[in-house]
Amino acid sequence: TLMAESPFVFLVALWIWATTYAAETSPSQRAARWQLGATMLAGIALASATLTRATYMYWLPFAAVMFLCASRRLQGTQRKAAMRIALLHLMASALVGTYIARQTVVFGQPTVATGSGAALYFGSNPMLSGYEPPYFGLTYDVVSVTNGSTHLSIEGDRRLMATAKAILRQTPTPVLMRMYVQKLGALLFFSRAHLDRHLINDRAWRIALVLLACLGAWGRRRHLVAWMVIGAAAYQCSVHIPVLYNPRYSIGALDILLALLAALGFAHLWKLPHRNRALACVTIA
């Protein structure tokens, strides 16, 4: 669907690509010339991705602090690389924070855009287990909450957010946890509501990606950019669990990250002494 996801995926890929140059630990002159420009490009790309689709909004300050703390435990070129990754996240935080400050002054809404209220409202609805209502043959019931305004209006967004918080307070914890576990499974491996009956479908592709991504995370566990991609994937899972489930959100949030980690996983298998046996086992799995 040509909506916000296409430029968002491109900008996320640009952020990670530029970060690989920014985190270069080679002492060569060529690498040194690229690093400052790559750091700035990565920060601008990540900020632009967040302003295109705001799911990374809370990741920015968290990652900046995480890599600053990591830099204190590292030495030499690794320490400098961690500080550059922290710097690009700080730059993205400043750019997005400036925009949020502008939204607060002009609209009284301290966020990138409206829509989070509706996402949390539908994602917290225990009657639908947090899934899109059309999957159940139902239409959206937001008008009864928003008093006639759209779910993307400022007032509608506030009403839906308040209603969602009330639902969450009144839902028993075991019911909420069961719903969240189910939604995590759907986020990672898709709901069967949109899957076709063929063996090779979105779920089969995602199973392969997740399996290889786990191997990639293990094989490159000492690499700073791998830390960043693993953390971003875990973060995207956590922020999408409470909100409305839709397969395109899962694809936009996770596919580029899992594809990169899966490539690392395949490279890790290829380097093993008995790679044919390892690849066969993974294929069977």
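This section reports on the structure supplied with the text. Please read these numbers as outputs of a predicted model, since none were measured by experiment. (Residues numbered from 1 in each chain as written. Predicted model: local features only at pLDDT ≥ 70, side-chain atom pairs only at ≥ 80, totals over all residues. Heavy atoms only, no water.)

## Concerning the layout of surface pockets
Piece 1. Its volume calculated, the largest pocket comes out at about 1000 Å³.
Piece 2. Lining the largest pocket are 35 residues; nearest its centre among them are T55, T114, G115, S116 and A119.
Piece 3. Elements with a minimum of two residues in the lining of the largest pocket: α2 (29-52), α5 (116-123), α10 (224-240) and α11 (247-270).
Piece 4. Considering every element that reaches the lining of the largest pocket, the biggest residue donor is α5, with 5 residues.
Piece 5. In the lining of the largest pocket, the residues fall into 22 nonpolar, 9 polar and 4 charged.
Piece 6. For the second largest pocket, the calculated volume is near 330 Å³.
Piece 7. Taken together, 19 residues make up the lining of the second largest pocket; nearest its centre are T20, H223, V225, A226 and L264.
Piece 8. Among the secondary structure elements, those contributing two or more residues to the lining of the second largest pocket are α1 (5-22), α10 and α11.
Piece 9. Across the lining of the second largest pocket, the residue classes tally to 12 nonpolar, 4 polar and 3 charged. (1 Å grid on protein atoms, 1.4 Å probe; cavity = no way out; pocket = protein on both sides within 12 Å on 5 of 7 lines; lining within 4 Å. Points joined across faces, edges and corners; volume = space filled by probe spheres on them. Helix = DSSP H or I, 4+ residues; strand = E, 2+ residues; numbered from the N terminus. Nonpolar A, V, L, I, M, F, W, Y, C, P; charged D, E, K, R; others polar.)

## Regarding the packing of aromatic side chains
Piece 1. According to the stated counting rule, one finds 10 aromatic pairs in the structure shown.
Piece 2. Seen from their ring centres, Y121 and F122 are 5.2 Å apart, and the 65 degrees between their planes marks the pair as edge-to-face.
Piece 3. Overall, the relative accessible area of 5% leaves F122 in the buried class.
Piece 4. Across from the ring centre of W218, 3.8 Å away, lies the NZ or CZ of R221, which sits over that ring.
Piece 5. The cationic tip of R275 hangs over the ring face of W270; the distance from NZ or CZ to the ring centre is 4.0 Å. (Phe/Tyr/Trp six-rings, centres within 6.5 Å; stacked < 30°, edge-to-face > 60°. Buried < 20%, exposed > 50% of the residue type's maximum accessible area, 1.4 Å probe, protein only. Lys NZ or Arg CZ within 6 Å of the ring centre and 35° of its normal.)

## Some words on the nonpolar core
Piece 1. Counting residues in hydrophobic clusters, the biggest one holds 52 residues, and the most contacted among them are V12, W15, I16, Y56, W59, M228 and L257.
Piece 2. Discounting residues that sit within four places of it in the chain, Y56 has contacts with F8, V12, W15, L46, T50, A232, Y235, Q236 and L257.
Piece 3. One finds L120, F122, V145 and A164 within the second-largest nonpolar core, a separate group that totals 11 residues. (Core = buried A, V, L, I, M, F, W, Y, C linked by side-chain atoms within 4.5 Å. Contact = heavy atoms within 4.5 Å.)

## Overview of the side chain of S124
Piece 1. Checked against the element boundaries, S124 lands in the loop between α5 and α6 (143-146).
Piece 2. Residue classification places S124 among the buried residues on the basis of a relative accessible area of 1%.
Piece 3. One polar contact links the side chain of S124 to the main-chain carbonyl oxygen of L120, over a distance of 2.6 Å. (Polar contact = N/O pair within 3.5 Å; in protein donor to acceptor, adjacent residues only side chain to side chain.)

## Topic: α10
Piece 1. Between its first and last C-alpha atoms α10 spans 24 Å; for 17 residues at 1.5 Å apiece the expected length is 24 Å, and the two agree.
Piece 2. Among the 17 residues of α10, 12 are classified as buried, and the element is accordingly described as predominantly covered.
Piece 3. For α10, the full list of buried residues reads L224, V225, A226, M228, V229, G231, A232, A233, Y235, Q236, C237 and H240.
Piece 4. Where α10 is buried, its residues touch α1, α3 (59-73), α4 (76-107), α8 (173-189) and α11. (Expected span 1.5 Å × (residues − 1).)

## Quick look at the pattern of salt bridges
Piece 1. Under the counting rule described, the total for this entry stands at 4 salt bridges.
Piece 2. Close ionic contact of E5 with R248 constitutes a salt bridge, the shortest N to O distance being 2.5 Å. Taken together, the positions of E5 in helix α1 and R248 in helix α11 put the pair 243 residues apart, joining distant regions of the chain.
Piece 3. Between R159 and E155 there is a salt bridge, with the nearest N and O atoms lying 3.2 Å from each other. Taken together, the residues R159 and E155, both in helix α7 (residues 154-170) and 4 residues apart, mark about one turn of the helix.
Piece 4. Judged by its relative accessible area of 32%, R159 falls in the partly exposed class.
Piece 5. Salt bridges sharing partners connect three or more residues here, namely E5, R53 and R248. (Salt bridge = Lys/Arg side-chain N within 4 Å of Asp/Glu carboxyl O.)

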